[in-house]
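Now for the letters of each chain:
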Amino acid sequence: MEDALDEIDADKTAQYVLSLQKAGGEVMGDEYGEIDTRFIYIAAQCLSILGKLDKFNTDGAVDFIRRCQNFDGGFGLVPGAESHAGQIFTAIAALDILGRLDIVNVDLVSWWLCERQLPSGGLNGRPEKLPDVCYSWWVLSALSILNRLDWIDGSKLRQFILEAQDLETGGIADRKGDMPDVFHTIFGIAGLSLLGYENLKKINPTYCLTQRVVDKIRKN
Ligand SMILES: [Zn+2]
């Protein structure tokens, strides 16, 4: 974001990230070995930004993500785990970076994602959960990558996010009346950007970075 990628040792960083990928393609969060779809996304994103994706075991990573896909079209943390909007984002965004969106059942998962919108306009992360501003990102980004943003009511969601802003401090909370924090503030703003909110920079749904930054990465 600061146009300063040349400040780091990209080879060394890529080497570290690649050291966390196991022989089967799964990616660990650190040397202690926890494995799930989040780490595949993070590794793919990192290597993509550094222009080092060619050394990643894409087939193995895609196979792991495929095994995390459920009967409802969604994705869980690990094979057999229930579908969760956060994991659906990491799975779909990783597949987008790896050029393998073809394994996604687009209409089925988009149906699951748009079912996350509640009468308040807010989105939840799983059935029976409360709506939460951060899912404006996890759900919307996935729908945006799949070109199904119009499957939810954008104006109601926009209202839900705006109502979660604390007018005293300016921060955004998980929902109206709660304490704001930076986590919900970034995902609230990112969600509003995906909804086309006035005067916000365009955000890229795959990287959660501004489109300007992603265009620059792709050029290099
Ligand atoms: Zn949240």
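Everything quoted here is computed from the prediction, not taken from an experiment.

Criteria and cut-off values
Residues numbered from 1 in each chain as written. Predicted model: local features only at pLDDT ≥ 70, side-chain atom pairs only at ≥ 80, totals over all residues. Heavy atoms only, no water. Helix = DSSP H or I, 4+ residues; strand = E, 2+ residues; numbered from the N terminus. Buried < 20%, exposed > 50% of the residue type's maximum accessible area, 1.4 Å probe, protein only. Polar contact = N/O pair within 3.5 Å; in protein donor to acceptor, adjacent residues only side chain to side chain. Contact = heavy atoms within 4.5 Å. Donors = N, O, S within 2.8 Å, 3.2 Å for Na, K, Ca; no water. Tetrahedral: all angles 85-135°; square planar, octahedral: opposite > 155°, others 65-115°. UniProt positions renumbered as here; feature names shortened; annotations may be inferred. Domains from an automatic or database assignment. Buried area = accessible area lost by both parts, 1.4 Å probe. Salt bridge = Lys/Arg side-chain N within 4 Å of Asp/Glu carboxyl O. Phe/Tyr/Trp six-rings, centres within 6.5 Å; stacked < 30°, edge-to-face > 60°.

Visitor: What is the right way to read the side chain of Asn204 from this model?
Guide: With respect to the helices, strands and loops of the structure, Asn204 is situated in strand β1 (residues 203-204). Assessed through its relative accessible area of 5%, Asn204 is described here as buried. A polar atom in the side chain of Asn204 sits 2.9 Å from the backbone nitrogen of Thr206. A polar contact of 3.1 Å, which involves the side chain of Asn204, links it to the backbone nitrogen of Tyr207. The contact partners of Asn204, leaving out residues within four places of it in the chain, are Trp137, Leu209, Thr210, Gln211, Val214 and Arg218.

Visitor: For this particular structure, what's the right way to read the coordination of the zinc ion?
Guide: Any two of four tetrahedral donors ideally make an angle of 109.5 degrees at the metal, while pairs among six octahedral donors ideally make 90 or 180 degrees. Taken together, the protein ligands of the zinc ion are Asp132 (OD), Asp132 (OD), Cys134 (SG) and His184 (NE2), with distances of 2.2 to 2.5 Å. Geometry at the zinc ion is irregular, judged from the 4 donor atoms that bind it and their angles of 56 to 115 degrees at the metal.

Visitor: In this structure, what is going on with helix α6 (residues 135-145)? I would like to understand it.
Guide: Quick reminder: α-helices carry 3.6 residues per turn. Residues three or four places apart thus point the same way. In terms of residue burial, α6 counts as a mostly covered element, since 11 of its 11 residues are buried. Among the residues making up α6, those that are buried are Tyr135, Ser136, Trp137, Trp138, Val139, Leu140, Ser141, Ala142, Leu143, Ser144 and Ile145. Each element contacted by the buried residues of α6 is listed here: α4 (85-97), α5 (106-114), α7 (154-163), α8 (182-194) and β1. Following α6 by one or two positions, Asn147 adopts a phi angle in the positive range, close to 60 degrees.

Visitor: Can you help me understand the UniProt feature "domain: Prenyltransferase alpha-alpha toroid" (unreviewed entry) in the chain in this one?
Guide: Feature annotation in UniProt assigns "domain: Prenyltransferase alpha-alpha toroid" (unreviewed entry) to the following positions: residues 2-209. With 43% helix and 1% strand, the stretch residues 2-209 has end C-alpha atoms that lie 12 Å from each other.

Visitor: In this structure, what is going on with the domain arrangement of the chain? I would like to understand it.
Guide: Think of interface size as the accessible area that goes away when the parts come together; that is how it is often given. Taken domain by domain, the chain comprises domain 1 (1-104) and domain 2 (105-220). Once you take the C-alpha centre of each, domain 1 and domain 2 turn out to be 21 Å apart. On the side of domain 2, 26 residues touch domain 1, which itself brings 25 residues to the contact. Each partner contributes to the roughly 2,100 Å² buried at the junction of domain 1 and domain 2, and carbon and sulfur atoms together form 65% of this total. The interface formed by domain 1 and domain 2 contains 3 salt bridges. For Asp3, the salt bridge goes to Lys216, with nearest N and O atoms at 3.4 Å.

Visitor: Could you clarify how one ought to interpret the packing of aromatic side chains in this entry?
Guide: Note on aromatic pairs: each is described by the distance of the centres and the angle between the planes. Scanning the model with the defined rule gives 6 aromatic pairs in all. When the ring of Tyr41 is compared with that of Phe89, the centres are 5.1 Å apart and the planes differ by 70 degrees; the resulting orientation is edge-to-face. With Tyr41 in helix α2 (residues 37-50) and Phe89 in helix α4, the pair connects residues that are 48 residues apart, well separated along the chain. Like Tyr41, the residue Phe89 is buried in the burial classification. For the ring pair Trp137 and Phe187, a centre distance of 6.5 Å and an interplane angle of 25 degrees mean the geometry is stacked. Remark: Phe187 occurs in helix α8 and Trp137 occurs in helix α6; sequence separation between them is 50 residues. Across the pair, exposure class does not vary: Trp137 and Phe187 are buried alike. Taken together, the aromatic side chains of Tyr41, Phe89, Trp137, Trp138, Phe183 and Phe187 make up a single cluster linked through ring pairs.

Visitor: What should I look at first to understand unusual backbone geometry in this one?
Guide: Glycine aside, the phi torsion of most residues is negative, and most peptide linkages are trans. If you check the backbone angles, Asn147 has positive phi at about 60 degrees while not being a glycine. Checked against the element boundaries, Asn147 lands in the loop between α6 and α7. The phi dihedral of Cys208 falls on the positive side, at around 55 degrees, and the residue is not glycine. For Cys208, the position within the fold is in the loop between β1 and β2 (209-210).

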